[in-house]
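In case you want the letters, here they are:
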Amino acid sequence: MITTAFLQYSGNGPMRHEESLLEAGLRQRGIPVRFYTIKRIHRRQLPLDADSFIAGDMDAMHAAMRQLDITVPEPDDYPASLRAFLHRSVWTSTLGEIERALETGSAPPTFIKPADRRKRFTGLVCYSERDIAALGNISRRQRVWCSEVVRWAAEYRVYVADQRVVSVDHYDGDATVLLDTATVEAAVDAYGSSGTAPSGYGIDFGVLATGETALVEANDGYALGAYSIDADAYTELVMRRWNELLDSART
């Protein structure tokens, strides 16, 4: 049972949108809220235990997990059980391999993004080796996800808690272009049935220029970005995921 909640806040300027939602949702549940800075979590100055809830950015959450002996989950942007919903080629490579392929002309324009926890750069479309050179001194051994370039007419975040869709937010493109809800529900069912889905997560879908509803990427729920989802639904999702992570440390 959660008795205390810790939310990341520097104390300067406005709070992040995600922590503002959680503060409202936690107070509605009668859970006391305390604020912390990134320095305090890295210095292990928070009295975290099995009855604590904590939320913050990815860096803060990973520090909290290490303090509580929780194994930090590996990112799973494109779950194996959802490959049928991609409707495009997606594969892994390294920056060096993509750079060489673009330089020799053996690769078309390719979307790339980091494939590990540490997001050393923001995903981008690379048209030539110069786009990779512009990333600077990032190791060319950096593992990346690669995707053929497609055109999205609209993109949405679907929020899922305990295998239930609790909210859907439009975040890019034409808001009049709607998702095929049957496709979304089939994907949520497939992910849940696979046994690999977290208890709370966000899953981004878009509508391609072809009209197909396709998976953009999956996002774990413990440090999930929020758009227009309401405080109650967002808090339920994040708390479910955190409780699941706490349970993993106890077993």
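Below is a summary of the structure that appears in this document. By convention here, each chain's residues receive numbers from 1 onward along its written sequence. For this predicted model, a pLDDT threshold of at least 70 governs which residues receive local features, and a threshold of 80 or more governs which side-chain atom pairs are given and counted, while totals over whole chains, interfaces and linings are taken from all residues. For side-chain calculations, the full set of non-hydrogen atoms in the structure is used, while hydrogens and water are omitted.

**Points about the environment of Thr 181**
Inclusion rule: We count a stretch as a helix when DSSP gives it H or I for four or more residues in a row; a strand needs E for two or more, and each element gets its number in order from the N terminus.
Tracing the backbone through its elements, the reader meets Thr 181 in helix H6 (residues 181–194). Along the backbone, Thr 181 and Thr 213 are 32 residues apart, and their C-alpha atoms lie at a distance of 8.8 Å.

**Observations concerning the side chain of Asp 204**
Note the threshold: Polar contact criterion, stated in full: a pair of N or O atoms within 3.5 Å, where within protein one must be able to donate a hydrogen and the other to accept it, and residues adjacent in sequence count only if both atoms are side-chain atoms. Working rule for contacts: check all heavy atoms of both residues, and any pair within 4.5 Å makes them a contact.
Tracing the backbone shows Asp 204 in strand E10 (residues 200–208). Within the structure, Asp 204 has its side chain in polar contact with the side chain of Arg 157 (distance 2.8 Å). For Asp 204, the contacting residues outside a window of four places in its chain are Tyr 156, Arg 157, Tyr 171, Ala 214, Leu 215, Val 216, Glu 217 and Asn 219.

**A closer look at H6**
The criterion, for reference: Expected helix span is computed as 1.5 Å times (number of residues minus one).
Taking 1.5 Å of rise per residue, 14 residues should cover 20 Å, and H6 covers 20 Å from first to last C-alpha, within 8% of that figure. On its buried face, H6 sits against strand E8 (152–161), strand E9 (164–173), E10 and strand E11 (213–220). Two residues or fewer past H6, Gly 195 is found with a positive phi of approximately 80°.

**With respect to the sheet that holds E8**
Where we set the bar: Two strands pair if DSSP finds at least two bridges between them. Angles shown run from 0 to 180 degrees and are taken between the N-to-C directions of axes, each axis being a line fitted to C-alpha atoms and, for helices, limited to the stretch in contact.
Taken together, four strands build an open sheet; the order of strands is E9-E8-E10-E11 and the sheet is antiparallel. Either end of the sheet is taken by a strand with one partner, and the two such strands are E9 and E11. When strand polarity is set aside, the average angle formed by the axes of neighbouring strands in this sheet is 25°. Judged from the eight bridges that link them, E8 and E9 form a sheet pairing that is antiparallel. Of the residues in E9, the one forming a bridge with Ala 161 is Arg 164.

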